[in-house]
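Residue strings, one per chain:
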Amino acid sequence: MIPLDHASPEPLHRQVYRGMREAILGGRLSSGAQIPSSRWLADYLGVSRTTVLGAFDQLVAEGFIVGVVGSGSYVAQPFPDRLLQVRRSALTSDGRLAQPVRLADRIVRLGEELKGPRHLAGPISVFRIGLPPVDAFPLSVWNRLAGARHRKLETNQLRHGPPRGSEALRQAIVTHHAVARGVRCSPDQVIVLSSAQEAMDLACRVVLNPGEAVWFEEPGYSGARAALIAAGAHIVPVPVDGEGLVVERGIATAPDARLVYVTPSHQFPTGVTMSLERRLALLDWAARSDAWILEDDYDSEYRYAGCPLTALQGLDVGGRVLYIGTFNKTVFPALRLAYLVLPEALVDPALALRRRGAQHAPTIEQLILTDFLEGGHYVRHIRAMRALCRERRDALISAMEREAAGRLSVSRPDTGLHAVAWLPPGVDDQEASRVAAEHGVEAVALSCYCVTRPERGGLVLGYGGIRTPEIIGGVQKLVAALRPLI
Ligand SMILES: Cc1ncc(COP(=O)(O)O)c(C=O)c1O
């Protein structure tokens, strides 16, 4: 029986082919069995002979059946029996895999260690983290630049691009970041990638051997932890206090670490800025220990109080810092463009990997982004976003003070897109996060970003991508939901 659906968009010859293939693989047509003639089958199925011959041609081409001149068609002899035994023993009666799936140890570790939620796509609920104010993005400017680029696209732009990324974009990145972030490098040290995440993966593959120790901010960004786990790193949690990563603790715990991952301008998730003393101590340790510093400068452009801070990379004279920046936060997340600035000695090894991997970031988006940067739109956008994010932060803080004074104490970040609402001592933040989610509020537990149990729980609240009225409504819902716990 080959069930046919005449209303299906799948052509009939494909349906006949699929039905016969399944009959062979399922053992209903056994190895060496004669296949009914195409004329008989066409009559039986109520389709044209051309349809059946089309299916036969495909089955012959794939080696399922063979035609014997003057005698008809047969199920192929050499492979099906052995193949069928393997298939039958591999599957349970309802078609699932009989054996437990064997995964790489690193993937198992990833699942065990990173349990927190990671919502990025899908409908936005209030306090989604990692979301910039896309509602205020100058879409008409972007569409105009994109339209102009698409209209004058040339054949040579359709070929592979350079693995480092477009030269004009790398130059624009260097020019902007020298002024805005104090990053010191030549365009040749910049590699354009799809995301900060891809930059972390590439950096880890270039400098880390499996089992090597890496200092990791506690609490710290789970995406970076995922990249380190995937690279087989031995993660050493190093606490963060009011001055950032406690360098002395790192030295005391794992002096021979090979790498340290840090977010010095705006620590994720606490929002602390690393003091100059700690920055210098970190650079000094890295230079003395032949270690690397992976600096993730993910949202420092969103600084709305005081002067912009210089990146750690700009203080580095020993060539120890690998610097990551991303346009997915400052332009829009769907863009998927970021960059890695490498010490000169690491550029060629990283490019060798890049050439054997994704090759390069999409050319057309790089061209549009270059125009956005060179035309001054980027700087204007960032300036407008700083004002908007400050307004949203203030709305969050005032609403928290109104609704939950004395019960939730919210941090006052001067950079970025999120804040931390600290829970009263003893309140389990995972439980608080679960209760909030039941009331439609997304609030990631701070402990999801910790390797060890934090002394005090908190909820990480994104406000950058949420409009003020929703922020206020979200705070009311959150406080009402948490009332039994706080
Ligand atoms: C600390 C940190 N680094 C990097 C990123 C992600 O950047 P990208 O989307 O370019 O991977 C995030 C996203 O939330 C982040 O919080």
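Keep in mind that this is a model prediction, so the values were computed, not measured.

1. Re helix 17 (residues 468-482)
- With 15 residues, helix 17 extends 21 Å between its outermost C-alpha atoms, agreeing within 8% with the 21 Å of an ideal straight helix rising 1.5 Å per residue.
- Restricting attention to buried positions, one finds in helix 17 the residues Ile471, Gly474, Val475, Leu478, Val479, Ala481 and Leu482. Taken around the axis of helix 17, the buried residues stretch over an arc of 160 degrees, which confines them to a single face.
- Looking at the packing, one finds that the buried side of helix 17 touches helix 15 (377-404), helix 16 (429-438) and strand 15 (458-462).

2. Focus: the nonpolar core
- Ranked by size, the top nonpolar core spans 48 residues in total, and within it Trp215, Leu282 and Phe327 carry the most contacts.
- Aside from chain neighbours lying at most four places away, what touches Phe327 is Ile173, His177, Phe332, Leu335, Leu337, Ala338, Tyr339, Leu369, Leu373 and Tyr378.
- Judged by nonpolar contacts, the second largest core, of 42 residues, contains Leu351, Val444, Tyr449 and Val460.

3. Observations concerning the pattern of salt bridges
- Under the criterion given, the structure shown has 19 salt bridges.
- Close ionic contact of Asp394 with Arg393 constitutes a salt bridge, the shortest N to O distance being 3.0 Å.
- Judged by relative accessible area, which is 27%, Asp394 ranks as partly exposed.
- Between Glu438 and Arg434 there is a salt bridge whose closest N-O contact spans 2.6 Å. Here Glu438 and its partner Arg434 are both found in helix 16, four residues apart, which amounts to about one turn of the helix.
- Among the residues examined, Glu438 registers a relative accessible area of 55% and is labelled exposed.
- Taken together, the shared-partner salt bridges in this structure form one network comprising Glu10, Arg18 and Glu22.

4. Concerning unusual backbone geometry
- Residues Glu218 and Pro219 are joined by a peptide bond in cis, for which omega reads 0 degrees.
- Mapped onto the elements, Pro219 comes out in the loop between strand 5 (213-218) and helix 9 (222-230).
- In this structure, the amide linkage connecting Phe268 to the following residue, Pro269, adopts the cis form with an omega of 5 degrees.
- Positive phi values are uncommon outside glycine, yet Phe127 reaches one of about 75 degrees.
- By the secondary structure assignment, Phe127 is in the loop between helix 5 (105-113) and helix 6 (139-151).

5. Structural notes on the site of the ligand
- Around the ligand there are 13 residues in total, and Ala196, Gln197, Asp296, Thr326 and Asn328 lie nearest to it.
- With respect to the ligand, the backbone of Ala196 contributes an N or O atom lying 2.8 Å from an oxygen atom.
- The separation between an oxygen atom of the ligand and a polar side-chain atom of Asn328 is 2.9 Å.
- Considered on its own, the ligand offers 400 Å² of accessible surface; in the complex 92% of this is hidden by protein.
- Among the elements of the structure, helix 8 (196-207) and helix 12 (327-330) are those that each provide at least two residues to the shell around the ligand.
- Class assignment for the residues of the shell around the ligand results in five nonpolar, five polar and three charged.

6. Observations concerning the packing of helix 5 against helix 9
- It is the contact of helix 5 with helix 9, at a shortest axis distance of 9 Å, that shows an interaxial angle of 155 degrees. The orientation of helix 5 relative to helix 9 falls into the category roughly antiparallel. As helix 5 packs across helix 9, the resulting crossing turns out to be right-handed. On helix 9, the residues that touch Arg106, Arg109, Leu110 and Glu113 of helix 5 are Arg225, Ala226, Ile229 and Ala230.

7. Here's the deal with the domain arrangement of the protein
- As assigned here, the protein comprises domain 1 (12-79), domain 2 (137-375) and domain 3 (379-482).
- The straight-line distance from the C-alpha centre of domain 2 to that of domain 3 is 26 Å.
- Contacts between the two partners involve 26 residues from domain 2, matched on the other side by 24 residues from domain 3.
- Applying the counting rule to domain 2 against domain 3 returns two salt bridges.
- Linking Arg303 and Asp414 is a salt bridge whose minimum nitrogen-to-oxygen distance equals 3.4 Å.
- Linking domain 2 to domain 3 there are 17 residue pairs in polar contact (both at pLDDT 80 or more).
- The class makeup of the residues in the side of domain 2 that touches domain 3 is twelve nonpolar, eight polar and six charged.

Cut-offs applied
Residues numbered from 1 in each chain as written. Predicted model: local features only at pLDDT ≥ 70, side-chain atom pairs only at ≥ 80, totals over all residues. Heavy atoms only, no water. Helix = DSSP H or I, 4+ residues; strand = E, 2+ residues; numbered from the N terminus. Expected span 1.5 Å × (residues − 1). Buried < 20%, exposed > 50% of the residue type's maximum accessible area, 1.4 Å probe, protein only. Arc of directions from axis to C-beta. Contact = heavy atoms within 4.5 Å. Core = buried A, V, L, I, M, F, W, Y, C linked by side-chain atoms within 4.5 Å. Salt bridge = Lys/Arg side-chain N within 4 Å of Asp/Glu carboxyl O. Near = heavy atom within 4 Å. Polar contact = N/O pair within 3.5 Å; in protein donor to acceptor, adjacent residues only side chain to side chain. Areas by Shrake-Rupley, 256 points an atom, 1.4 Å probe, with all protein chains shown as cover. Nonpolar A, V, L, I, M, F, W, Y, C, P; charged D, E, K, R; others polar. Axes fitted to C-alpha atoms, helices over the stretch in contact; angles between N-to-C directions. Parallel < 35°, antiparallel > 145°, perpendicular 65-115°, else oblique. Left-handed = near helix turned anticlockwise from the far one by under 90°. Domains from an automatic or database assignment.

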